[in-house]
Amino acid sequence: MYSFTEENYIKTIYKLSANGAQEVSTNALADALDTRAASVTDMLRKLSAKNMVHYVKYRGVTLTEAGERVALQVIRKHRLWEVFLVDKLQFNWDEVHEVAEELEHVTSELLTKRLDEFLGYPRFDPHGDPIPSETGEINQPRQKLLAAMDIAETGTVVGVNDSQPHFLKYLDKIGISLGSKVKVTDKMLYDSSMEIHIEGGTTILVSSEVSNNIYLSA
(Lines give C-alpha, C1' and ligand atoms only; values in the text may rest on other atoms or scores of the structure.)
Protein backbone atom coordinates (compact mmCIF):
# COMPACT_ATOMS: atom_id res chain seq x y z
CA MET A 1 0.00 0.00 0.00
CA TYR A 2 1.41 3.37 -1.02
CA SER A 3 0.23 6.89 -0.34
CA PHE A 4 -1.29 9.23 -2.90
CA THR A 5 1.96 11.23 -2.96
CA GLU A 6 4.19 8.16 -3.26
CA GLU A 7 2.21 6.87 -6.23
CA ASN A 8 2.42 10.27 -7.92
CA TYR A 9 6.20 10.26 -7.54
CA ILE A 10 6.51 6.72 -8.90
CA LYS A 11 4.25 7.48 -11.86
CA THR A 12 6.09 10.71 -12.65
CA ILE A 13 9.50 9.00 -12.55
CA TYR A 14 8.18 6.42 -15.00
CA LYS A 15 6.87 9.07 -17.37
CA LEU A 16 10.01 11.21 -17.23
CA SER A 17 12.27 8.25 -17.88
CA ALA A 18 12.34 5.90 -20.85
CA ASN A 19 9.80 3.45 -19.40
CA GLY A 20 11.50 3.55 -16.03
CA ALA A 21 15.01 2.77 -17.27
CA GLN A 22 16.61 6.21 -17.70
CA GLU A 23 17.87 8.20 -14.73
CA VAL A 24 15.72 11.18 -13.76
CA SER A 25 17.28 14.14 -11.98
CA THR A 26 15.81 15.51 -8.77
CA ASN A 27 15.43 18.92 -10.44
CA ALA A 28 13.43 17.45 -13.32
CA LEU A 29 11.22 15.63 -10.83
CA ALA A 30 10.78 18.78 -8.74
CA ASP A 31 9.75 20.75 -11.85
CA ALA A 32 7.28 18.09 -12.97
CA LEU A 33 5.67 17.88 -9.52
CA ASP A 34 5.92 21.63 -8.83
CA THR A 35 7.74 21.13 -5.53
CA ARG A 36 11.14 21.83 -3.95
CA ALA A 37 14.21 19.73 -4.70
CA ALA A 38 14.66 19.15 -0.98
CA SER A 39 11.18 17.64 -0.74
CA VAL A 40 11.98 15.40 -3.69
CA THR A 41 15.17 14.17 -2.02
CA ASP A 42 13.26 13.29 1.15
CA MET A 43 10.63 11.34 -0.78
CA LEU A 44 13.24 9.49 -2.86
CA ARG A 45 14.92 8.31 0.33
CA LYS A 46 11.57 6.95 1.53
CA LEU A 47 10.87 5.23 -1.78
CA SER A 48 14.38 3.79 -1.82
CA ALA A 49 13.80 2.30 1.63
CA LYS A 50 10.64 0.65 0.24
CA ASN A 51 12.59 -0.76 -2.73
CA MET A 52 10.61 1.33 -5.20
CA VAL A 53 13.57 3.28 -6.64
CA HIS A 54 17.32 3.21 -7.08
CA TYR A 55 18.47 6.63 -5.89
CA VAL A 56 22.05 7.92 -6.07
CA LYS A 57 22.64 11.40 -4.66
CA TYR A 58 23.74 13.97 -7.30
CA ARG A 59 23.07 11.44 -10.09
CA GLY A 60 19.39 10.71 -10.24
CA VAL A 61 16.76 8.06 -9.76
CA THR A 62 15.43 5.02 -11.64
CA LEU A 63 12.59 2.69 -10.78
CA THR A 64 13.15 -0.81 -9.47
CA GLU A 65 11.13 -3.64 -11.00
CA ALA A 66 8.70 -3.30 -8.11
CA GLY A 67 8.47 0.45 -8.69
CA GLU A 68 7.78 -0.02 -12.39
CA ARG A 69 4.96 -2.45 -11.60
CA VAL A 70 3.36 0.12 -9.30
CA ALA A 71 3.75 2.86 -11.93
CA LEU A 72 2.11 0.76 -14.62
CA GLN A 73 -0.82 -0.14 -12.37
CA VAL A 74 -1.43 3.52 -11.49
CA ILE A 75 -1.26 4.44 -15.19
CA ARG A 76 -3.59 1.53 -16.01
CA LYS A 77 -6.21 2.76 -13.54
CA HIS A 78 -5.85 6.37 -14.74
CA ARG A 79 -6.42 5.45 -18.38
CA LEU A 80 -9.29 3.07 -17.66
CA TRP A 81 -11.05 5.79 -15.68
CA GLU A 82 -10.53 8.22 -18.55
CA VAL A 83 -12.25 5.75 -20.90
CA PHE A 84 -15.11 5.40 -18.43
CA LEU A 85 -15.53 9.16 -18.04
CA VAL A 86 -15.59 9.75 -21.80
CA ASP A 87 -17.54 6.69 -22.97
CA LYS A 88 -20.03 6.32 -20.13
CA LEU A 89 -20.37 9.78 -18.57
CA GLN A 90 -19.91 11.85 -21.76
CA PHE A 91 -16.98 13.92 -20.51
CA ASN A 92 -14.97 15.64 -23.23
CA TRP A 93 -11.41 14.40 -23.71
CA ASP A 94 -10.08 17.70 -22.32
CA GLU A 95 -12.05 17.31 -19.07
CA VAL A 96 -11.00 13.89 -17.80
CA HIS A 97 -7.38 14.19 -16.72
CA GLU A 98 -7.87 15.89 -13.35
CA VAL A 99 -10.75 13.61 -12.36
CA ALA A 100 -8.77 10.51 -13.35
CA GLU A 101 -5.82 11.84 -11.31
CA GLU A 102 -7.98 11.30 -8.21
CA LEU A 103 -9.59 8.02 -9.26
CA GLU A 104 -6.23 6.39 -10.16
CA HIS A 105 -5.44 6.05 -6.45
CA VAL A 106 -8.42 3.76 -5.69
CA THR A 107 -6.73 0.66 -4.29
CA SER A 108 -9.28 -2.09 -5.04
CA GLU A 109 -7.82 -4.50 -7.60
CA LEU A 110 -11.25 -6.08 -8.00
CA LEU A 111 -12.78 -2.71 -8.90
CA THR A 112 -10.10 -2.14 -11.55
CA LYS A 113 -10.66 -5.61 -12.97
CA ARG A 114 -14.44 -5.14 -13.09
CA LEU A 115 -14.03 -1.69 -14.65
CA ASP A 116 -11.83 -3.14 -17.40
CA GLU A 117 -14.41 -5.88 -18.04
CA PHE A 118 -17.31 -3.40 -18.01
CA LEU A 119 -15.57 -1.22 -20.60
CA GLY A 120 -14.90 -4.19 -22.91
CA TYR A 121 -11.14 -4.38 -22.25
CA PRO A 122 -10.14 -1.17 -24.07
CA ARG A 123 -6.59 -1.00 -25.42
CA PHE A 124 -6.28 2.79 -25.56
CA ASP A 125 -7.47 5.78 -23.54
CA PRO A 126 -9.31 8.79 -25.06
CA HIS A 127 -5.97 10.44 -25.93
CA GLY A 128 -4.65 7.40 -27.80
CA ASP A 129 -2.29 6.22 -25.04
CA PRO A 130 -2.03 2.43 -24.59
CA ILE A 131 -3.57 0.96 -21.44
CA PRO A 132 -1.26 -1.43 -19.54
CA SER A 133 -2.64 -4.93 -19.08
CA GLU A 134 -3.51 -6.42 -15.70
CA THR A 135 -0.03 -7.98 -15.64
CA GLY A 136 1.69 -4.70 -16.49
CA GLU A 137 2.35 -5.31 -20.17
CA ILE A 138 2.11 -2.25 -22.39
CA ASN A 139 2.13 -2.38 -26.18
CA GLN A 140 3.09 0.88 -27.85
CA PRO A 141 1.55 1.05 -31.35
CA ARG A 142 3.63 2.03 -34.37
CA GLN A 143 3.12 5.72 -34.87
CA LYS A 144 4.87 8.86 -36.08
CA LEU A 145 4.56 12.54 -35.41
CA LEU A 146 2.65 14.68 -37.89
CA ALA A 147 5.80 16.84 -38.04
CA ALA A 148 7.74 13.90 -39.51
CA MET A 149 5.35 13.35 -42.41
CA ASP A 150 6.18 14.36 -45.97
CA ILE A 151 4.06 16.26 -48.48
CA ALA A 152 1.26 14.07 -49.90
CA GLU A 153 1.64 11.58 -47.06
CA THR A 154 -1.55 10.58 -45.22
CA GLY A 155 -2.28 9.09 -41.82
CA THR A 156 -4.89 8.60 -39.14
CA VAL A 157 -4.67 10.46 -35.83
CA VAL A 158 -4.03 7.87 -33.11
CA GLY A 159 -2.82 9.96 -30.19
CA VAL A 160 -1.48 13.20 -28.79
CA ASN A 161 1.73 13.98 -26.96
CA ASP A 162 0.18 16.89 -25.05
CA SER A 163 -3.04 16.07 -23.19
CA GLN A 164 -3.41 19.48 -21.52
CA PRO A 165 -6.99 20.82 -21.82
CA HIS A 166 -6.03 23.97 -23.79
CA PHE A 167 -4.37 21.85 -26.49
CA LEU A 168 -7.25 19.38 -26.73
CA LYS A 169 -9.75 22.24 -26.97
CA TYR A 170 -7.67 23.70 -29.79
CA LEU A 171 -7.79 20.38 -31.66
CA ASP A 172 -11.56 20.26 -31.20
CA LYS A 173 -11.80 23.78 -32.63
CA ILE A 174 -9.85 22.93 -35.79
CA GLY A 175 -11.67 19.62 -36.25
CA ILE A 176 -9.00 17.10 -35.28
CA SER A 177 -9.77 14.13 -33.03
CA LEU A 178 -8.75 10.48 -32.72
CA GLY A 179 -9.57 8.75 -35.99
CA SER A 180 -9.29 11.90 -38.13
CA LYS A 181 -7.66 11.19 -41.49
CA VAL A 182 -5.06 13.80 -42.37
CA LYS A 183 -3.08 14.55 -45.54
CA VAL A 184 -0.05 16.84 -45.64
CA THR A 185 -0.47 19.28 -48.53
CA ASP A 186 2.49 21.59 -47.91
CA LYS A 187 5.41 22.25 -45.51
CA MET A 188 6.88 25.68 -44.83
CA LEU A 189 10.66 25.86 -44.61
CA TYR A 190 10.56 29.23 -42.87
CA ASP A 191 8.96 28.14 -39.59
CA SER A 192 8.27 24.39 -40.09
CA SER A 193 4.52 24.97 -40.08
CA MET A 194 2.41 22.59 -42.17
CA GLU A 195 -0.64 22.81 -44.37
CA ILE A 196 -2.87 19.80 -43.84
CA HIS A 197 -6.21 18.62 -45.17
CA ILE A 198 -8.60 16.93 -42.74
CA GLU A 199 -10.80 14.41 -44.53
CA GLY A 200 -14.39 15.61 -44.56
CA GLY A 201 -13.26 18.99 -43.30
CA THR A 202 -11.01 21.80 -44.41
CA THR A 203 -7.40 22.56 -45.29
CA ILE A 204 -5.66 24.39 -42.46
CA LEU A 205 -2.22 25.62 -41.44
CA VAL A 206 -0.79 24.24 -38.17
CA SER A 207 2.31 25.35 -36.31
CA SER A 208 5.40 23.27 -35.62
CA GLU A 209 4.36 23.05 -31.98
CA VAL A 210 1.03 21.50 -32.96
CA SER A 211 2.49 19.05 -35.51
CA ASN A 212 5.01 17.87 -32.91
CA ASN A 213 2.18 16.92 -30.56
CA ILE A 214 -0.01 14.83 -32.86
CA TYR A 215 0.67 11.15 -33.54
CA LEU A 216 -0.53 9.34 -36.65
CA SER A 217 -0.59 5.66 -37.53
CA ALA A 218 2.72 4.60 -39.08
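This text goes with the structure placed above it.
Residues numbered from 1 in each chain as written. Predicted model: local features only at pLDDT ≥ 70, side-chain atom pairs only at ≥ 80, totals over all residues. Heavy atoms only, no water.

### Overview of the overall build of the chain
Move 1: Helix and strand counts for the chain stand at 8 helices and 8 strands.
Move 2: Relative to a compact globule of 218 residues, whose C-alpha radius of gyration would be 17 Å, the chain shows 19 Å and is just as compact.
Move 3: Residues classed as buried in the chain amount to 41% of the 218 residues present.
Move 4: In the chain, the share of contacts with a sequence separation of at least 24, taken over all contacts with a separation of at least 6, comes to 61%.
Move 5: Surface accessibility of the chain: about 12,200 Å² in total, with carbon and sulfur atoms responsible for 48%.
Move 6: Between the centroid of the 23 positive side chains of the chain and the centroid of its 32 negative side chains there is a distance of 4 Å. (Helix = DSSP H or I, 4+ residues; strand = E, 2+ residues; numbered from the N terminus. Rg over C-alpha atoms; globule rule 2.2 N^0.38 Å. Buried < 20%, exposed > 50% of the residue type's maximum accessible area, 1.4 Å probe, protein only. Contact = heavy atoms within 4.5 Å. Areas by Shrake-Rupley, 256 points an atom, 1.4 Å probe, with all protein chains shown as cover. Lys, Arg positive; Asp, Glu negative; His and termini not counted. Charge placed at Lys NZ, Arg CZ, Asp CG, Glu CD.)

### Structural notes on the side chain of aspartate 125
Move 1: By the element assignment, aspartate 125 lies in the loop between α6 (109-118) and β3 (143-145).
Move 2: Beyond its immediate sequence surroundings of up to four residues, aspartate 125 is in contact with Arg79, Glu82, Val83, Ile131 and Leu178.

### Brief notes about helix α1 (residues 4-16)
Move 1: The end-to-end C-alpha distance of α1 is 18 Å, a good match for the 18 Å that 13 residues give at a rise of 1.5 Å each.
Move 2: For α1, the complete set of buried residues consists of Glu6, Glu7, Asn8, Tyr9, Ile10, Lys11, Thr12, Ile13 and Tyr14.
Move 3: Looking at the buried residues of α1, the elements they touch are α2 (26-33), α3 (37-49), β1 (53-56), β2 (60-63), α4 (65-87) and α5 (97-103). (Expected span 1.5 Å × (residues − 1).)

### Quick word on the environment of arginine 76
Move 1: By secondary structure assignment, the location of arginine 76 is in helix α4.
Move 2: Residues in contact with arginine 76, not counting those within four places in the same chain, are Thr112, Asp116, Ile131, Pro132, Ser133 and Glu134.
Move 3: Among the polar contacts listed, one links the side chain of arginine 76 to the backbone oxygen of proline 132, at a separation of 3.0 Å. (Polar contact = N/O pair within 3.5 Å; in protein donor to acceptor, adjacent residues only side chain to side chain.)

### Let's talk about the packing of α1 against α4
Move 1: α4 packs onto α1 with a crossing angle of 95 degrees between their chain directions and a minimal axis gap of 9 Å. Between α1 and α4, the crossing angle belongs to the class labelled roughly perpendicular. Facing Glu7, Ile10, Lys11, Tyr14 and Lys15 of α1, the residues of α4 in contact are Gly67, Glu68, Val70, Ala71, Leu72, Val74, Ile75 and His78. (Axes fitted to C-alpha atoms, helices over the stretch in contact; angles between N-to-C directions. Parallel < 35°, antiparallel > 145°, perpendicular 65-115°, else oblique.)

### A few points about the pairing of strand β4 (residues 154-160)
Move 1: One ladder, built from 3 bridges, connects β4 with strand β5 (residues 181-187); its direction is antiparallel. Within β5, the residue paired with threonine 156 across the bridge is lysine 181.
Move 2: The pairing of β4 with strand β8 (residues 214-217) spans 3 bridges and is classified as antiparallel. In the sheet register, glycine 159 faces β8, and the bridge partner there is tyrosine 215. (Pairing = 2+ DSSP bridges.)

### Re the sheet that holds β8
Move 1: One open sheet holds the 6 strands; their spatial order is β3-β8-β4-β5-β6-β7, and the pairing between them is antiparallel. Edge positions in the sheet fall to β3 and β7 (203-206), since each has one partner strand and no second. The average angle at which neighbouring strand axes cross in this sheet is 45 degrees, direction not considered.
Move 2: Taken together, the 3 bridges between β3 and β8 define a ladder with antiparallel strand orientation. Each bridged residue has a counterpart across the sheet, and for lysine 144 the counterpart in β8 is leucine 216.

### Some thoughts on the packing of α4 against α6
Move 1: The N-to-C vectors of α4 and α6 enclose an angle of 40 degrees; their axes lie 10 Å apart at closest approach. Taken together, the axes of α4 and α6 are oblique relative to one another. Note on packing geometry: the crossing formed by α4 with α6 is left-handed. Touching Arg76, Lys77, Leu80, Trp81 and Phe84 of α4 are Leu111, Thr112, Leu115, Asp116 and Phe118, all from α6.
Move 2: Here the residues of the contact of α4 with α6 sort into 6 nonpolar, 1 polar and 3 charged. (Left-handed = near helix turned anticlockwise from the far one by under 90°. Nonpolar A, V, L, I, M, F, W, Y, C, P; charged D, E, K, R; others polar.)

### Observations concerning the nonpolar core
Move 1: The biggest cluster of nonpolar side chains holds 22 residues, and the ones touching the most others in it are Ile13, Leu29, Val53 and Val61.
Move 2: Taken together, the elements giving at least two residues each to this core come down to α1, α2, α3, β1, β2 and α4.
Move 3: Tallying contributions element by element places α4 first for this core, with 6 residues.
Move 4: Ignoring any residue separated from it by four or fewer positions in sequence, one finds leucine 29 in contact with Tyr9, Thr12, Ile13, Leu16, Val24, Val40, Leu44 and Val61.
Move 5: Counting 20 residues, the second largest nonpolar core, distinct from the first, contains Ile174, Met194, Val210 and Ile214. (Core = buried A, V, L, I, M, F, W, Y, C linked by side-chain atoms within 4.5 Å.)

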